Amino acid sequence: MSAYPQAYRGLVAGGMPAPEAAALLANVRRELGEELAAGLLARSAEKYGAKPTDSHSVNRRRTARYGAAKDAADWILTATASGRLTTTPQQRDNRSTT
């Protein structure tokens, strides 16, 4: 059974405490992030790997592209592990309180 319906049923039926449901969903999110990052790295290594016929300049460009993909994979891991995909700006109340 998928974790989402399991957490929903557990919360609605009352058999699963909210922290346990949140932990279950966080674990699923982390696992998905790990799979996405691994897939991105594998595809990048396949696409941007060094070829024996490449010149130094082509090899440098491929290495740079692979580095960018690795940075993206690292961001995916960080974002899915922390649960924060973006940074939320500080909310300000511009209305006067006086």
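The rules behind each value
Residues numbered from 1 in each chain as written. Predicted model: local features only at pLDDT ≥ 70, side-chain atom pairs only at ≥ 80, totals over all residues. Heavy atoms only, no water. Helix = DSSP H or I, 4+ residues; strand = E, 2+ residues; numbered from the N terminus. Expected span 1.5 Å × (residues − 1). Contact = heavy atoms within 4.5 Å. Patch = residues over 30% accessible without salt bridge, like charges linked within 9 Å, V, L, I, M, F, W, Y side chains within 5 Å. Areas by Shrake-Rupley, 256 points an atom, 1.4 Å probe, with all protein chains shown as cover. Salt bridge = Lys/Arg side-chain N within 4 Å of Asp/Glu carboxyl O. Lys, Arg positive; Asp, Glu negative; His and termini not counted. Charge placed at Lys NZ, Arg CZ, Asp CG, Glu CD. Buried < 20%, exposed > 50% of the residue type's maximum accessible area, 1.4 Å probe, protein only.

Concerning helix α2 (residues 18-48)
Along an α-helix, residues three or four positions apart point the same way, because every turn accommodates 3.6 residues. For α2, built from 31 residues, the straight-helix expectation of 45 Å at 1.5 Å per residue is met to within 8% by its first-to-last C-alpha distance of 44 Å. The inward-facing, buried residues of α2 abut α1 (3-13) and α3 (56-82).

Remarks on the environment of Met 16
Turning to its location among the elements, Met 16 is positioned in the loop between α1 and α2. C-alpha separation for the pair Met 16 and Gln 6, spaced 10 residues apart in sequence, amounts to 9.3 Å. Leaving out residues up to four positions away in the same chain, Met 16 has contacts with Gln 6, Ala 7, Gly 10, Leu 11, Ala 21 and Leu 24.

Observations concerning a positive patch on the surface
A cluster of basic side chains, namely Lys 47, Arg 60, Arg 61 and Arg 65, defines a positive patch on the protein surface. The dominant element in the positive patch, judged by the number of residues it contributes, is α3, at three residues. Within the secondary structure, Arg 65 sits in helix α3. We classify Arg 65 as partly exposed; its relative accessible area is 47%.

Taken by themselves, the reported measurements are silent on function.
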